[in-house]
Amino acid sequence: MGAPTTPATTGTPSRPTRGVPPADRALTRPRRRLLAAAAALVALAAVGAGSLLDLRTPAPKPADAPAGEFSAGRAYEDVQVIAARTHVAGSPANDQVRAHIEQQLRGLGLETEVQDTVAPEAGQLSGAAGGATMARVRNVVARLPGTASTGRIFLVAHYDSVQTGPGGNDDAAGTSAILEVARALTTGPRPRNDIVFVLTDAEEACLCGASAFAASHPLAADGGVVLNLEARGSTGPVIMFETSTNNAKLVDVFGRAAPHPVGTSFAVEIYRALPNDTDFTAFLDQKFVGLNSAYIDGGAIYHTPLDTPAAMDRGSLQQHGDNALGVAREFGAVDLTDLRSGHDATYFPVPGGLVRYPGWLTLPLALLAVAAVVALGWLTRRQGRAGTGRLAAGFGLALVPIVAAPVAAQLLWLAITTIRPGYAELLDPYRPVWYRLAVLALAAAILFTWYALTRRRIGPAALAIGGLAWLALLGVLLAVAVPGGAYLTTLPALAGALGGLVALRTRQTGPWPVVAVTAAAAVGVLILLPTVVLLFPALGMGMGGVAALVAVLLGLTALPVVDLLHPQAGGQRGLLALRARRLGVLPAGAAAVAALVLAGVGLAVDRFDAAHPAPTHLMYAMDAGTGQARWLSHESDPQPWTDGYVDGMADVGDDFPGLGDGELRAGPAQTANLPAPKLDVLGDTTAGGERTLRLRLTPQRAARLATLHVDTSTATVLRAEVAGRSVPVEPREGKWGFGLVFHAPPAEGIEVTLTVRPTAAQVALRAMDASDGLEALPGFQARPPAVGVVGSHSSEMLAVARTYPI
Ligand SMILES: [Zn+2]
């Protein structure tokens, strides 16, 4: 028992190293050391609390707030009208929403019009599975003319909802915020620049409204600045999560003009890794610059029937509007001719504002952090606090918690979803806070255990430097691969190394070493704590490991402070050492117990009930020619309710190419008395081996979408024109060589002209349409109260198809 007090050193120390270095002498007395630890931890907790308070949403302003201000109370009145019921693109309910928006904007005295057109999907994104995707869209566009305009600002939100819910947040929040911003802007002095309000249609279907506006609306011809407002949840801070490239000047405006600027250059990188798209994507393809903002916490209700006005956190609505109004006013005043700068900015929120610096500083800073950590290692070795062997061991061992914490967090979630399989279909649990805390406790347990096991043998200095070294190296990796995220590890590593250098150079007894390491750890807390808090809702519990990783990095930056809780390294013998080890194990055990308890509380509190139903996915698909019908589900491990409809996997791609899916769970269903869409031949000519078919595809019921596919064994499609627009003919794999998905089809049908090279006497065309709602189908049993609907674009879809040989 009793570890060597003097670290083993290699080489000749430049000064005697016997005993405790003078800087630590004051801290060898346990009481003083404990006092210092308490003071340092209180300081860090205060910094952490400050940065978390900064992420809180503002208090919603009442409906009688001053006219020039944004009032969530006023905006919420529009939310209630817009999200009174489900209003998917093309539906009568959506017509009513559009009429309300038009009326509100005209009431403000704005030049208002409806852009009514047919448009393809922006960049042919999500719908590509079913084929070329387009929609009939009706955007509401209003203009507030500037006094001496240098360009245009576009405030954009989509007014359509998904088919499965009223879209109280997504995107009645954005739409209503824009109406209220428009009202506020018309009360004060006119802005210098034109401000255009664009409420788009068919975002949920295919981003087709935004695509139509960006590509063909006269007001969009010269481009401009787009501010897009979205919601992917019901609460939490509004995060400016996406920008156009070379964003430095835009981010600067956002930082100085948004009253509550929450945004990070790291989010842009995360967002690109997620399978989401918003209207903003349609603008990025064109000559626009801009910023995209959304609140994202409370993701359990996203795209579900629970996304109602009542589910909205009006603080989030207030923040959306405050920021949109502030930023619109600022862009409305500045010269818009030169907003593209040559570089991207690194930016992140701190209490009181948005830190920002040029992206070109990223790599030099990352290299500087590495150099500072190397210098710290060198000085530590020179002062005899750790030899090369220990420094190397500290470096190697610091990787253990960095790897173990995310792995353990993922395993914890695997265990929880095994106990509660319904979580697999949710973006995030309804009440995720217990699970988030469990992940943090687990990360802490791993870090503390690792520290208790390694501290005596390796020494606190070598372990702390090892941790900083990984942060610094990650910073270089990020600077090269994901520059917007490099600040996350570079700045804490740089601060930690500088803090360590100051602590080592401060020879006199006194508080300075403690102050230095505490200040350094505070930088880590300021940068990494908000990141952890924002990562949980951004990625969902299914990727809680990422938050665990950042939490461990935060813990590593705070090691020198945590170490103050332990008795002076090597400063004790016998019983004291035993006590020290027990003290070291205590927090580890407490954190492990906390992780288990918190996970248990989560499971107990977040049960599925009528207000928090277990999500289920069901579709119905029928062939009107054969009368064969099937229930279909996306659930990989079906819920008991879904299990009543589907059993094994089946490939439905050949029968229902318009679903855009291959393998689904399927089960037999009763035939419903539903007509397939009609396919009329308006013209049929053959010339030079090419046959041209002029067709009209007409749904015979209220359909959300209609599709048309050509059997590749009967003809090869050479050219295609839909509603007078030529659509790309890209060869598709499998039975169906050409596919078209048309959202919000007009009642009179869609005219399609196909020029084909026939390979059989008749061309086989598969027509399908889809409506929503399964309630009226034979054999459908209403869901019990605790069973809900998955938020997806195919939930509750009812598809009818038929093959037409022509
Ligand atoms: Zn949506």
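Residues numbered from 1 in each chain as written. Predicted model: local features only at pLDDT ≥ 70, side-chain atom pairs only at ≥ 80, totals over all residues. Heavy atoms only, no water.

1. Quick word on the pairing of strand S22 (residues 764-772)
- Of all 9 residues in S22, 8 are buried, a share of seventy percent or more.
- Taken together, the 6 bridges between strand S17 (residues 705-711) and S22 define a ladder with antiparallel strand orientation. The residue bridging Leu705 from the neighbouring strand is Ala770, located in S22.
- Of the pairings in the sheet, the one linking S22 to strand S24 (residues 797-805) comprises 9 bridges and is antiparallel in character. Pairing of Ala770 across the sheet is with Ala799, part of S24. (Buried < 20%, exposed > 50% of the residue type's maximum accessible area, 1.4 Å probe, protein only. Helix = DSSP H or I, 4+ residues; strand = E, 2+ residues; numbered from the N terminus. Pairing = 2+ DSSP bridges.)

2. Let's talk about a nonpolar patch on the surface
- Nonpolar side chains collect at one region of the surface, where Leu399, Val403, Val407, Leu411 and Leu414 lie side by side and expose about 430 Å² of accessible area between them.
- Tracing the chain through its elements places Val407 in helix H13 (residues 388-419). (Patch = residues over 30% accessible without salt bridge, like charges linked within 9 Å, V, L, I, M, F, W, Y side chains within 5 Å. Areas by Shrake-Rupley, 256 points an atom, 1.4 Å probe, with all protein chains shown as cover. Salt bridge = Lys/Arg side-chain N within 4 Å of Asp/Glu carboxyl O.)

3. So, the nonpolar core
- With 98 residues, the main nonpolar core has Ile416, Trp450, Tyr487 and Leu556 as its most contacted residues.
- If one sorts the elements of this core by residue count, helix H17 (residues 512-539) sits on top with 15 residues.
- When near neighbours in sequence (up to four residues on either side) are disregarded, Ile416 contacts Tyr423, Tyr435, Ala599 and Leu603.
- Ala83, Ala173, Leu199 and Leu339 belong to the second-largest nonpolar core, a separate cluster that totals 60 residues. (Core = buried A, V, L, I, M, F, W, Y, C linked by side-chain atoms within 4.5 Å. Contact = heavy atoms within 4.5 Å.)

4. Quick word on the pattern of salt bridges
- Across all of its chains, the model carries 30 salt bridges by this definition.
- For the salt bridge of Asp116 with Arg136, the shortest nitrogen-to-oxygen distance reads 2.8 Å. Here Asp116, found in strand S1 (residues 111-120), pairs with Arg136, found in strand S2 (residues 132-144); they are 20 residues apart in sequence, far enough to count as distant.
- Relative accessible area serves as the criterion here: at 45%, Asp116 is assigned to the partly exposed category.
- Beyond isolated ion pairs, a larger network of salt bridges with shared partners links Glu111, Arg143, Arg152 and Asp194.

5. Here we look at the environment of Ala409
- Locating Ala409 in the fold gives a position in helix H13.
- A C-alpha to C-alpha distance of 52 Å links Ala409 and Glu113, two positions 296 residues apart in sequence.
- When sequence neighbours within four positions are dropped, the list of residues in contact with Ala409 reads Val439, Leu442, Gly544, Gly545 and Ala548.

6. A closer look at the packing of aromatic side chains
- Taken as a whole and assessed by the stated rule, the structure comprises 19 aromatic pairs.
- Consider the rings of Phe154 and Phe288, whose centres lie 5.5 Å apart with planes at 80 degrees: the pair is edge-to-face. Separated by 134 residues along the polypeptide, Phe154 in strand S3 (residues 152-158) and Phe288 in strand S7 (residues 288-297) bring together distant segments of the chain.
- The class of Phe288 is buried, set by a relative accessible area of 3%.
- Taken together, a centroid distance of 6.0 Å and an interplanar angle of 35 degrees make the contact between Trp450 and Tyr451 tilted.
- Here a set of aromatic residues connected by ring pairs shows up, and it is made of Trp413, Tyr423, Tyr430, Tyr435 and Phe608.
- Its guanidinium or amino end placed over the ring of Trp736, Lys735 lies 5.1 Å from that ring's centre, counting from NZ or CZ.
- Above the face of the Phe656 ring, Arg766 is positioned so that its terminal group lies 5.6 Å from the ring centre. (Phe/Tyr/Trp six-rings, centres within 6.5 Å; stacked < 30°, edge-to-face > 60°. Lys NZ or Arg CZ within 6 Å of the ring centre and 35° of its normal.)

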